[in-house]
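Fold and contact review
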Amino acid sequence: MAENIFLLVAALVIASAFWVVFSPNLIHSAVSLMFTLFGTAALYVFLYADFIAATQVVIYVGGILVLIIFGVMLTNKIDKSSVASSSQNQFIGGFSALFIFVILVGIIFNTPWKIGEIQQVDMTVDIIGRMLLIEYLLPFEIVSILLLASLMGAAMLSRRS
């Protein structure tokens, strides 16, 4: 039963990720991104990473996706939006993506995975919270300033006439 649910969630993530890329409408692409991010959070639940799943929902679905949707909706030419663009760098980008894919496949097949062994992990929410607010406070604040700057940029773009 759990395997069928996992396969259903994985299929949802893959299908919605493809629709994000290939949708001609920006609003449909953003809604598909929401399904992709929720499905990714569900995959984290299958990995028993509840904290990361909750973080995925709060940060990406609650923050980043809402910011993207507001940015898309505040633009003036939303009814005539076109995602397709022709670029001279498509060959270089495609080659780079294929190169990274080959590296990832090589890493996946050459890693000695611990299959069937129960591993103890001492990372709890308390330890993650302490690390986030003590060791990694500077990157955390830099990301918050970056998100604030992107929100201000979206507001500034929406006010131009």
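Another point: the overall build of the chain. Of the regular secondary structure elements, the chain holds 6 helices and 0 strands. Going from N to C terminus, the chain has its helices and strands arranged as α-α-α-α-α-α. When the 161 residues of the chain are sorted by exposure, 12% land in the buried category. About 13000 Å² of surface is accessible on the chain, with carbon and sulfur atoms providing 73% of the total.

Before going further, it helps to spend a moment on helix 1 (residues 2–22). Its 21 residues place the ends of helix 1 30 Å apart at the C-alpha level, agreeing with the 30 Å of an ideal helix rising 1.5 Å per residue. Taken as a whole, helix 1 has its buried residues at Val 9, Ala 10, Val 13 and Ser 16. Seen from one end, helix 1 has its buried residues packed into an arc of 140°, which puts them on one side. Opposite the packed face of helix 1, turned more than 90 degrees from it, sit the exposed residues Glu 3, Asn 4, Leu 8, Ile 14, Phe 18 and Phe 22. Looking at the buried positions of helix 1, the neighbouring elements they touch are helix 2 (26–46).

Attention shifts here to the layout of surface pockets. The volume enclosed by the largest pocket comes to roughly 520 Å³. In this structure, the largest pocket is lined by 21 residues; those nearest its centre are Thr 55, Ile 59, Leu 132, Phe 140 and Val 143. Put simply, the parts of the chain that give the lining of the largest pocket at least two residues each are helix 3 (50–74), helix 5 (125–135) and helix 6 (137–159). Grouping the amino acids of the lining of the largest pocket by side-chain chemistry returns 18 nonpolar, 3 polar and no charged.

Criteria and cut-off values
- Residues numbered from 1 in each chain as written.
- Predicted model: local features only at pLDDT ≥ 70, side-chain atom pairs only at ≥ 80, totals over all residues.
- Heavy atoms only, no water.
- Helix = DSSP H or I, 4+ residues; strand = E, 2+ residues; numbered from the N terminus.
- Buried < 20%, exposed > 50% of the residue type's maximum accessible area, 1.4 Å probe, protein only.
- Areas by Shrake-Rupley, 256 points an atom, 1.4 Å probe, with all protein chains shown as cover.
- Expected span 1.5 Å × (residues − 1).
- Arc of directions from axis to C-beta.
- Contact = heavy atoms within 4.5 Å.
- 1 Å grid on protein atoms, 1.4 Å probe; cavity = no way out; pocket = protein on both sides within 12 Å on 5 of 7 lines; lining within 4 Å.
- Points joined across faces, edges and corners; volume = space filled by probe spheres on them.
- Nonpolar A, V, L, I, M, F, W, Y, C, P; charged D, E, K, R; others polar.

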